[in-house]
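Descriptive analysis of the structure
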Amino acid sequence: MECVFGLVGNDFAVVAADTSAVHSILVHKSNEDKIMILDSHKLVAASGEPGDRVQFTEYIQKNVALYQFRNGIPLTTAAAANFTRGELATALRKNPYSVNILLAGYDKETGPSLYYIDYIATLHKVDKGAFGYGSYFSLSMMDRHYHSGMTVEEAIDLVDKCITEIRSRLVVAPPNFVIKIVDKDGAREYAWRESVKDAAAASA
Amino acid sequence: MKFDTSGLESAAPVWGAPSELVDGFSAAPSFEVPNTTDFDGFQKEAIQMVKPAKGTTTLAFIFKEGVIVAADSRASMGGYISSQSVKKIIEINPYMLGTMAGGAADCQFWHRNLGIKCRLHELANKRRISVTGASKLLANILYSYRGMGLSVGTMIAGWDETGPGLYYVDSEGGRLKGMRFSVGSGSPYAYGVLDNGYRYDMSVEEAAELARRAIYHATFRDGASGGVASVYFVGPSGWKKLSGDDVGELHYQYYPVMPSTVEQEMVEAAGA
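Residues numbered from 1 in each chain as written. Chains lettered and ligands numbered in written order. Predicted model: local features only at pLDDT ≥ 70, side-chain atom pairs only at ≥ 80, totals over all residues. Heavy atoms only, no water.

Observations regarding the side chain of Asp160(B)
All names here are of chain B. Threshold: The numbering of helices and of strands both runs from the N terminus, where a helix is a DSSP run of H or I of at least 4 residues and a strand a run of E of at least 2. Remark: exposure states derive from per-residue accessible area (1.4 Å probe, protein chains only) relative to the maximum for the residue type, with buried under 20%, exposed over 50%, and partly exposed in between. Just so you know, the count uses Lys and Arg for positive and Asp and Glu for negative, and it drops His and the chain ends. By salt bridge we mean one thing: a side-chain nitrogen of Lys or Arg within 4 Å of a carboxyl oxygen of Asp or Glu. Contacts described as polar in this section are N or O atom pairs within 3.5 Å, which, within protein, must combine one atom able to donate a hydrogen with one able to accept it, while residues neighboring in sequence count only if both atoms come from side chains. Contact criterion: two residues are considered in contact whenever any of their non-hydrogen atoms come within 4.5 Å of each other.
Relative to the helices and strands, Asp160 is located in strand 7 (residues 153-160). One buried charged residue, Asp160, forms no salt bridge at all, with the nearest opposite charge on Lys177 at 7.8 Å. At 2.8 Å, the side chain of Asp160 forms a polar contact with the backbone nitrogen of Val131. Apart from the residues within four sequence positions on either side, Asp160 is in contact with Ser130, Val131 and Thr132.

Quick look at the structure:
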């Protein structure tokens, strides 16, 4: 089952997601990148039905870009989160999207932030959040070890602790994870944690 | 429950003026409803009837020389084998192939439609469409029909300016880029043989033999797969069909019958 989690640190926000694309008992792909770089300073980690996940996050990405083109100024993380929630809410009673999203971003004025947006258009600004079966393990790990103002090393250490716990305790645990980080220098890939390497696999 | 349509009947005009303009205004807007007893449930029933369990084995993989695409050729309706000679590798255009798994009509129609869109792209942009673009076109179309009962599990394989390309696209709207895929009820069996024997630097013959073997093993174990194992190769100059072997014959090729030594011959029972 898909695992997505993230937390806010000192001057940055970090999100991690598993990288397996699964269809009933078959693993089609184990290096699928589920964390999209929304714009220069925002990350969207999404989990949910395969079509919805890609189509909805790309839709949000293009609309955020359009706003920037039209107005010459990028959206704040809060504005992007509220826009995303609004789109989910509008579609909810007609043609709902089954996507859960953790939106992490960095704004110059307000610093790093993390937004928890679930498939029925719930929106919360949080310090730490998680989706999927992995949340049963990662949430308590984060509750125990998290404190505000963590350094990058401390935060990555906590992320690794969560990944280890998921790998050892979840029955159909995904083997590989991707970690991305966003801070004042922008949104970028931080690391991959792979325990199963695809033979000569192409990156998504 | 019987659907009550009395509320949709248009009210008769009060004054029977024969002019077309007036008739257009007077009729209340109404629409045709399906002629069925169970209005709320019939759609779900139709989808369940049409949605077969993708009884097939198809596979494709990228290697050093290009892309190999292979499939079986059996069509089954439940327990009945309706055909042993279905073409499951669809030629979209001279340098792109699509595989068929799921509803045969859905796959054939939408691949043909994709071929049309690819040709229109060529005419409008004076260059061939990339495999990325073609697969995205198909994925978007299938996504827009999501939930309406389409059953398509396909791989788009081709060669474009960036080299070999392989995408998996399905009717749930999923689209994955990868190096190796297998789709259908026989796919877990094929994956086992394919994953184990795969190396990036294989020759075309080795790769074709790997694909053929994987399809054979899937047809051996999966009842919904069988018939003929077709293998295609997509290279820089387009696709080429390499082989089409009956899997029954392949079986005896791989596992020839050995005359076994008889330990003890039976003798007739003495008397009754």
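Back to the write-up after that little detour.
What about the packing of aromatic side chains?
We apply this condition: Think of it this way: a Phe, Tyr or Trp ring, Trp meaning its six-membered ring, pairs with another when their centres are within 6.5 Å, and the plane angle makes it stacked under 30 degrees, edge-to-face over 60, tilted otherwise.
In the structure shown here, the tally under the stated rule is twelve aromatic pairs over all chains. With 4.5 Å between their ring centres and 20 degrees between their planes, Tyr116(A) and Phe131(A) make a pair best called stacked. Of this pair, Tyr116(A) sits in strand 8 (residues 111-117) while Phe131(A) sits in strand 10 (residues 128-131), and the two are 15 residues apart along the sequence. Overall, the relative accessible area of 22% leaves Tyr116(A) in the partly exposed class. On the basis of relative accessible area, Phe131(A) is assigned to the buried category, the value being 5%. Ring geometry for Tyr216(B) and Phe220(B): centres 6.1 Å apart, planes at 35 degrees, overall tilted. With Tyr216(B) and Phe220(B) both in helix 6 (residues 204-221), this residue pair falls four residues apart, about one helical turn.

Quick notes on the interface of chain B and chain A
Defined as follows: Buried area adds together the accessible area that both of two parts lose upon being put together, with accessible area traced by a 1.4 Å probe.
Taken residue by residue, the interface counts 21 residues in chain B and 21 residues in chain A. Taking both partners together, chain B and chain A bury about 1700 Å²; carbon and sulfur atoms supply 53% of that area. Summed over the shared surface of chain B and chain A, the result is two salt bridges. As a salt-bridge pair, Glu58(A) and Lys136(B) come within 2.7 Å of each other at their nearest N and O atoms. Counting across the interface, chain B meets chain A through seven residue pairs in polar contact (both at pLDDT 80 or more). Residue assignment for the side of chain B that touches chain A shows that the elements contributing at least two residues are helix 4 (131-144), strand 8 (163-170), strand 9 (175-177), strand 10 (180-183) and helix 5 (187-197) of chain B. At four residues, helix 4 of chain B tops the list of elements feeding residues into the side of chain B that touches chain A.

Focus on the pairing of strand 2 (residues 66-71) of chain B
Residues and elements named next belong to chain B. Rules: Strand pairing requires that DSSP identify at least two bridges connecting the strands.
In terms of burial, strand 2 is a largely internal element, six of the six residues being buried. Hairpin remark: strand 1 (residues 58-63) followed by strand 2, antiparallel, with two residues in the connecting loop. Examined bridge by bridge, strand 2 and strand 11 (residues 228-235) share five bridges and lie antiparallel to one another. From the neighbouring strand, Ala70 faces strand 11, where its bridge partner is Val231.

A few points about empty space enclosed by the protein
Selection rule: For each structure, a 1 Å grid was placed over the protein atoms alone; sets of points admitting a 1.4 Å probe that cannot get out are labelled cavities, open sets with protein on both sides within 12 Å along at least five of seven lines are labelled pockets, and lining residues have an atom within 4 Å of a point. Grid points are joined across faces, edges and corners, and a volume is the space filled by probe spheres set on the points. Only Asp, Glu, Lys and Arg are considered charged, only Ala, Val, Leu, Ile, Met, Phe, Trp, Tyr, Cys and Pro nonpolar, and every remaining residue, Gly among them, polar.
In this structure the tally under the stated criterion is one cavity of 30 Å³ or more. What the largest cavity holds in volume is close to 50 Å³. Forming the boundary of the largest cavity are Val54(A), Gln55(A), Lys136(B), Ala139(B), Asn140(B), Gly173(B) and Arg175(B). Every element with two or more residues in the lining of the largest cavity is listed here: helix 1 (50-71) of chain A together with helix 4 of chain B. With three residues, helix 4 of chain B is the single largest residue contributor to the lining of the largest cavity. Here the residues of the lining of the largest cavity sort into two nonpolar, three polar and two charged.

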